[in-house]
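Breakdown of the fold
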Amino acid sequence: MEVTQMQKKNQGQAENPLGIKPVGRLLAEFAVPSIIAMLVSALYNIVDQFFIGHYVGMLGNAATNVAFPLTMSCTAISLMCGIGGAANFNLNMGRGKKEKAAKYAGNAITMTVTIGVLLCVITKLFLKPMMVTFGATDQTLAYSLTYTGITSLGFPFLIFTTGGSNLVRADGSPRFSMLCTLIGAIVNTVLDALFMIQFDMGIQGAAWATVIGQVVSAVLVALYLSRFRTVPLVRECFLPNAACWGNIAKLGMSPCINQLAMMAVQIVLNNVLTFYGGQSAYGGDIPLACAGIISKVGMMFFSIVIGISQGMQPIVSFNYGARQYRRVLEAVWKSIFCATVISIAAFLCFQIFPRQIIGLFGQESEEYFQFAERYFRIYMFFTFVNQFQPIVANMYTSIGKAAAGALMSLTRQILFLMPLLIILPKLFGLEGAMYAAPIADFVAFLIAMAMLLRESFLLKRAAAEMGGAA
């Protein structure tokens, strides 16, 4: 019986393309749709920023920046459930444990729905204190309350879509995952134009367009999950299981912590810019509005890196579970190479064309553009090495080393950037807030590179011990 089970397991691994297809081709198949899906997801915020900048103005852009930490919290929750669920699913599929894999997929879906509804309720109950805490000024508070009060209704759908898309990719359908997000973004863009230009709904129109687009995407993901390909998702798979939730949270903690850390930093940054900006010639609202645009443009770049990282995840998880360590290494280093090319291109754009990028989101005073250009160039200076930290963190998550992944996720945001944002402005005012990010970026890169080289050595040794069979 034991021999038969081992034969079945090996046969299942051999039949799965994750274990036999060329790694470069697999990475393209999984990463490209994931990149597009992440870019489209980031476009929700960019499109809103564009229309609000042109049809509401600078205060509207500042208000969306105040609301942005809640969007980050949605992403954090969805990545915890989605990547944690997908990693457990693929690891168990690689080990030939299909029933266990199905249970993890079902519980990940249940987690996204439960936590999404809970976040929506909490936001509704504590909306005004949240907006004040997130850095709203007297001029931006009303806009922030209106925009966030509406978009919070879409939180359960956003979390379900982003989390569920990771499971769709893990099931071997990266293109459909991309399609779900793409269609929702198209709906959002069309409705933004209709509500804000045709119906003159202002910032309310942008908020409702976002929610409706998220609902459409969620419906498409739900339709796919009802016809899961690799294993059937029966009713029992969705029943909450404490052990499953714990393991999903464990492997999803790294990307979740990274997003929560970004949220915390955004809140601190908003308050720092408002306070120290108020003591400068720019005032508090100009730095707040500029930071909002630059953060969202930066998210476009990070969306590509995260897309590559998410495309890498099922390949790394399956092959690590199947003990094909050479394929794991190949997937990680090819992901690093692709992300590095993108990062260098983004760095050049940010340094050469900051005014043109900022100008896409509305025309303001010369003083506004002078601050925006300087802030952009300084704050995003080490973009060309920022790809290492998220990819290395997700590599650890993908191979089941949750603690190392969580540590890696904490480096840039919490261990370095947060203290620097508190200390440097006290010494150098508004300038200190600008220089905090590049310093944190560089130190986080050094740590990520050291951890990557160490794990590469361990994987090579494990492959050699298996006699090259991996």
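Residues numbered from 1 in each chain as written. Predicted model: local features only at pLDDT ≥ 70, side-chain atom pairs only at ≥ 80, totals over all residues. Heavy atoms only, no water.

Remarks on the pattern of salt bridges
What counts, and what does not: What makes a salt bridge here is a side-chain nitrogen of Lys or Arg within 4 Å of a carboxyl oxygen of Asp or Glu, nothing more. We call a residue buried when its accessible area falls under 20% of the maximum for its residue type, exposed when it is over 50%, and partly exposed in between, using a 1.4 Å probe and counting protein chains only. Numbering goes from the N terminus for both helices and strands, where a helix is a DSSP run of H or I of at least four residues and a strand is a run of E of at least two.
Here the structure, examined in full by the defined rule, presents 6 salt bridges. For Lys21, the salt bridge goes to Glu29, with nearest N and O atoms at 2.8 Å. According to the relative accessible area criterion, Glu29 is partly exposed, its value standing at 29%. Of the charged contacts in the structure, one is a salt bridge between Glu373 and Arg377, with a shortest N-O distance of 3.6 Å. Remark: Arg377 and Glu373 occur in helix H16 (residues 366-379); sequence separation between them is 4 residues, near one turn of the helix. Assessed through its relative accessible area of 17%, Glu373 is described here as buried.

Observations regarding empty space enclosed by the protein
Over the atoms rolls a probe the size of a water molecule, and its path tells where empty space is left. Quick note on the threshold: Here a cavity means grid points, on a 1 Å grid over the protein atoms only, where a 1.4 Å probe fits yet cannot get out; a pocket means an open set of points with protein on both sides within 12 Å along at least five of seven lines; lining residues are those with an atom within 4 Å of a point. Grid points are joined across faces, edges and corners, and a volume is the space filled by probe spheres set on the points. When residues are grouped by polarity, Ala, Val, Leu, Ile, Met, Phe, Trp, Tyr, Cys and Pro land in nonpolar, Asp, Glu, Lys and Arg in charged, and all others, Gly among them, in polar.
Tallied over the entire structure, the rule returns 5 cavities of 30 Å³ or more. Here the second largest cavity is characterised by a volume of approximately 310 Å³. Lining the second largest cavity are 21 residues, with Met262, Phe302, Tyr379, Arg412 and Gln413 sitting closest to its centre. Of all the elements in the fold, those that place two or more residues in the lining of the second largest cavity are helix H12 (242-278), helix H13 (285-321), helix H17 (388-398) and helix H18 (402-428). Ranked by residue count, the leading element in the lining of the second largest cavity is H13, at 6 residues. Across the lining of the second largest cavity, the residue classes tally to 12 nonpolar, 7 polar and 2 charged.

Things to note about the layout of surface pockets
One number sums up the size of the second largest pocket: a volume of about 230 Å³. Considering the residues around the second largest pocket, the lining is formed by 14 residues, among which Val297, Met300, Phe301, Phe350 and Ile357 are closest to the centre. The set of elements that each furnish at least two residues to the lining of the second largest pocket consists of helix H3 (23-55), H13 and helix H14 (325-352). For the lining of the second largest pocket, the residue count by class is 14 nonpolar, no polar and no charged.

Just distances and angles here, no functional claims.
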